[in-house]
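Observations on the model geometry
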Amino acid sequence: VLYILQGLGRGVYESTNKGIFADFFPGPLSPGAFGNCMMQSTAAFTICFLLSGDFAAELVWVVLVLSSCTAPALAIAQLLKSRQSKEGQ
């Protein structure tokens, strides 16, 4: 059951995350954006792995706080993109 839930969660994360990157960085900006996306994911995994042995309880709170910042950060990014689009027209 744990593996099924992990797979479902990762599937939702991967599709949504890549879709958002594709929306925000269309055309010639895509390769760099997806490279940056992969680098961010790999760096986050590495940091969590290295800290998981010593700071397991604290790491849970760090992940919870950072994940709760995702929705507000997306809203801010969409607002900035819409302002940038209006200025360019």
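Coordinates for the structure precede this section.
Not measured: the values here are computed from a predicted model. (Residues numbered from 1 in each chain as written. Predicted model: local features only at pLDDT ≥ 70, side-chain atom pairs only at ≥ 80, totals over all residues. Heavy atoms only, no water.)

**Describing the overall build of the protein chain**
- From N to C terminus, the protein chain includes four helices and zero strands.
- When the helices and strands of the protein chain are placed in sequence order, the string is α-α-α-α.
- Here the C-alpha atoms of the protein chain give a radius of gyration of 16 Å, more than 25% beyond the 12 Å that 2.2 N^0.38 yields for 89 residues.
- Along the longest, intermediate and shortest principal axes, the C-alpha atoms of the protein chain span 50 × 25 × 25 Å.
- Relative to its 89 residues, the protein chain shows a buried fraction of 7%.
- Surface exposure of the protein chain reaches about 7,300 Å², of which carbon and sulfur atoms provide 72%.
- Separation of charge centres in the protein chain, based on 5 positive and 5 negative side chains, amounts to 13 Å. (Helix = DSSP H or I, 4+ residues; strand = E, 2+ residues; numbered from the N terminus. Rg over C-alpha atoms; globule rule 2.2 N^0.38 Å. Buried < 20%, exposed > 50% of the residue type's maximum accessible area, 1.4 Å probe, protein only. Areas by Shrake-Rupley, 256 points an atom, 1.4 Å probe, with all protein chains shown as cover. Lys, Arg positive; Asp, Glu negative; His and termini not counted. Charge placed at Lys NZ, Arg CZ, Asp CG, Glu CD.)

**Quick look at the packing of aromatic side chains**
- Under the defined criterion, the tally for this structure stands at three aromatic pairs.
- Look at Phe-45 and Phe-49: their rings are 6.4 Å apart centre to centre, the planes differ by 15 degrees, and that puts the pair in the stacked class. On the criterion of helical spacing, the pair formed by Phe-45 and Phe-49 is a turn pair, its members being four residues apart in helix H2 (residues 30–51).
- Given a relative accessible area of 57%, Phe-49 falls into the exposed group.
- Joined through ring pairs, the aromatic side chains of Phe-21, Phe-25 and Phe-34 make up one cluster. (Phe/Tyr/Trp six-rings, centres within 6.5 Å; stacked < 30°, edge-to-face > 60°.)

**Some remarks on H2**
- Under the 1.5 Å per step criterion, the end-to-end length of H2 is 32 Å for 22 residues, consistent within 8% with the ideal 32 Å.
- Listed in full, the buried residues belonging to H2 are Ser-30, Ala-33 and Cys-37. In an axial view of H2, the angular spread of the buried residues amounts to 70 degrees, which keeps them on one side of the axis. The exposed residues of H2 that point more than 90 degrees off its buried face are Pro-31, Gly-32, Met-38, Met-39, Phe-49 and Leu-50.
- Against the buried residues of H2 lie helix H1 (2–24). (Expected span 1.5 Å × (residues − 1). Arc of directions from axis to C-beta. Contact = heavy atoms within 4.5 Å.)

The values are spatial; any link to function lies outside them.
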